[in-house]
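This is what each chain is made of:
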Amino acid sequence: MNILVTGGAGFIGGNFVHYMINNHPSDTIIVLDKLTYAGNLETLESVMSQITFIKGDIADRKAVYQVFEDYSPDIVVNFAAESHVDRSIENPEVFLTTNILGTQVLLDACRIYGITRYHQVSTDEVYGDLPLDRPDLFFTEQTPIHTSSPYSASKASADLLVQAYYRTYGLPVTISRCSNNYGPYHFPEKLIPLMIANALNDKPLPVYGEGKNIRDWLYVEDHCKAIDLIIHKGNVGEVYNIGGHNERANIDIVKTILSLLGKPQSLITYVTDRKGHDLRYAIDPTKIHNELGWLPETTFDVGIRITVDWYLNNRSWWERIISGEYQDYYEKMYGNR
Ligand code: NAD
Ligand code: TYD
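Residues numbered from 1 in each chain as written. Chains lettered and ligands numbered in written order. Predicted model: local features only at pLDDT ≥ 70, side-chain atom pairs only at ≥ 80, totals over all residues. Heavy atoms only, no water.

Student: Sorry, what's going on with the pattern of salt bridges here?
Tutor: A side chain with one charge may pair with a side chain of the opposite charge, provided their charged atoms come close. The tally for this structure, following the rule as stated, stands at 14 salt bridges. Measuring nitrogen to oxygen at the nearest pair gives 2.9 Å for the salt bridge that ties arginine 177 to aspartate 159. Of this pair, arginine 177 sits in strand β6 (residues 173-178) while aspartate 159 sits in helix α5 (residues 150-169); the two residues are 18 residues apart in sequence, bridging distant segments of the chain. Here the two residues arginine 177 and aspartate 159 agree in accessibility, since each one is buried. Among the salt bridges present, the one from lysine 225 reaches glutamate 297, with a minimum N-O distance of 2.6 Å. (Salt bridge = Lys/Arg side-chain N within 4 Å of Asp/Glu carboxyl O. Helix = DSSP H or I, 4+ residues; strand = E, 2+ residues; numbered from the N terminus. Buried < 20%, exposed > 50% of the residue type's maximum accessible area, 1.4 Å probe, protein only.)

Student: Teacher, can you tell me more about the site of ligand 2 here?
Tutor: Around ligand 2, the surrounding shell holds 19 residues, and the nearest of these are Glu125, Arg215, Arg274, His277 and Tyr334. In this structure, an oxygen atom belonging to ligand 2 sits 2.9 Å away from a side-chain N or O atom of asparagine 180. Note that an oxygen atom of ligand 2 is positioned 2.7 Å from one of the side-chain N or O atoms of arginine 215. Here ligand 2 has 510 Å² of accessible area as a free molecule, and 97% of this is covered by the chains. For the shell around ligand 2, the secondary structure elements donating two or more residues are α6 (191-200) and β8 (205-208). Tallied by class, the residues present in the shell around ligand 2 amount to nine nonpolar, five polar and five charged. (Near = heavy atom within 4 Å. Polar contact = N/O pair within 3.5 Å; in protein donor to acceptor, adjacent residues only side chain to side chain. Areas by Shrake-Rupley, 256 points an atom, 1.4 Å probe, with all protein chains shown as cover. Nonpolar A, V, L, I, M, F, W, Y, C, P; charged D, E, K, R; others polar.)

Student: What's the story with the nonpolar core in this structure? I'm lost.
Tutor: Where a protein is soluble and globular, its nonpolar side chains tend to be buried together. Counting residues in each nonpolar core, the largest one holds 41 residues, and the members touching the most others are Ile192, Ile196, Ile257 and Tyr326. Where this core is concerned, the elements lending two or more residues are α6, β8, α8 (250-261), β13 (268-271), α10 (300-313), α11 (315-322) and α12 (326-334). Ranked by residue count, the leading element in this core is α6, at seven residues. Membership of the second largest hydrophobic core comes to 31 residues, among which are Ile54, Tyr65, Leu130 and Ile175. (Core = buried A, V, L, I, M, F, W, Y, C linked by side-chain atoms within 4.5 Å.)

Student: So what exactly am I meant to see when it comes to the site of ligand 1 here?
Tutor: Close to ligand 1 lie 28 residues; Ile12, Asp33, Ser83, Tyr151 and Lys155 are nearest. Between leucine 35 and ligand 1, the recorded distance is 3.4 Å, taken from a backbone N or O atom to an oxygen atom. Between ligand 1 and serine 83, the relevant distance is 2.7 Å, taken from an oxygen atom to a side-chain nitrogen or oxygen of the residue. Put simply, the parts of the chain that give the shell around ligand 1 at least two residues each are α1 (11-23), β5 (117-123) and α5. If one sorts the elements of the shell around ligand 1 by residue count, β5 sits on top with three residues. Looking at side-chain class alone, the shell around ligand 1 contains twelve nonpolar, twelve polar and four charged residues.

Student: Is there a simple way to explain the packing of aromatic side chains in this structure?
Tutor: The description of an aromatic ring pair rests on the distance of the ring centres and on the angle between the ring planes. By the definition in use, this model includes 21 aromatic pairs. On the basis of an interplanar angle of 75 degrees and a centroid distance of 6.5 Å, the ring pair of tyrosine 182 and tryptophan 217 is categorised as edge-to-face. Pair noted here: tyrosine 182 is in strand β7 (residues 181-182) and tryptophan 217 is in the loop between β9 (214-216) and β10 (218-219), with a separation of 35 residues, a long-range link. Looking at tyrosine 182, the relative accessible area reads 0%, which means it is buried. With a centroid separation of 4.9 Å and 75 degrees between ring planes, the pair formed by tryptophan 310 and tyrosine 311 is classed as edge-to-face. (Phe/Tyr/Trp six-rings, centres within 6.5 Å; stacked < 30°, edge-to-face > 60°.)

Dropping the structure here:
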């Protein structure tokens, strides 16, 4: 099988490439990635000789069609996206270009050149949020789309296009909507890696609002396993929610990280809340469990230790990131917060 992985130099796409090489060594992996600020070839360094890497933009029709001409992918897994909610609040436009138009270009290429499966890596954020005082409520695949941020609106728009290409053109598509991931190679603008990096540098840990917002955390390899199952065994035209019933308040995550690193709680700093901040995400994964037998394998206690150890043992990976353009970003986002 020729598998085109778009966004394969990012956090989850990079982990997926490693996972596929380990678990499906006879497949051919082609990575198409624009290498935005979030893309990092060092994430793929150890597997570079086993894949084909192409630097390119999924919204660039000519470039995408050329990839299909050259490599005839059987399966396309689309991870490529602008993925950070805070950036989408500051500058929505690139989210629409990459996440919506880029998806449409990929879908067109799939129609023209033919594929056996197009898989869209989506997010639970398309469902909006749940109240903090109703722990009995969960997102199912039937929960209406109800987005909050420009990021989630762009991801939801892409999902609708994917479903339209299934219904209108019969394109063999699947969509997965996963909860928050954590693990190695996570860009340090997101909660867990940012808090690990700041704690290691004895810098303040900026917790938005009161830190009570809840996210449902999944170890990234469990997400990769779920996508592997969906592209091979999932039913065409279907949406699968992915999550492991691991809800945590942000403040508890931050305290866990501090205690694992032996750093003082006095580093915690409460800062102005995110605009439109979603309160709680919580996935009901019954469908993927019942239909495909998926269950998460890494508990949070184990996964967070692996993750913290990874950041301790791979300082050069993240220190290079936070020493560059990231500093301007950090100053802009957190300087006056
Ligand atoms: P990321 O920001 O770490 O990586 C995105 C990758 O896409 C980068 O390598 C970047 O260079 C590439 N990219 C961006 N624009 C591109 C373009 N126009 N053309 C080609 N490549 C481009 O993101 P991530 O956290 O790995 O997320 C991957 C996917 O999973 C996204 O679609 C995201 O919406 C979804 N998702 C993420 C999470 C999470 O917790 N991180 C949870 C659920 C779903
Ligand atoms: P994030 O990792 O950006 O993921 P998402 O917004 O897609 O869920 O943020 C996770 C949670 O952590 C979210 O409730 C916002 C909060 N947060 C902070 O409190 N401080 C921070 O510096 C960041 C980046 C996030």
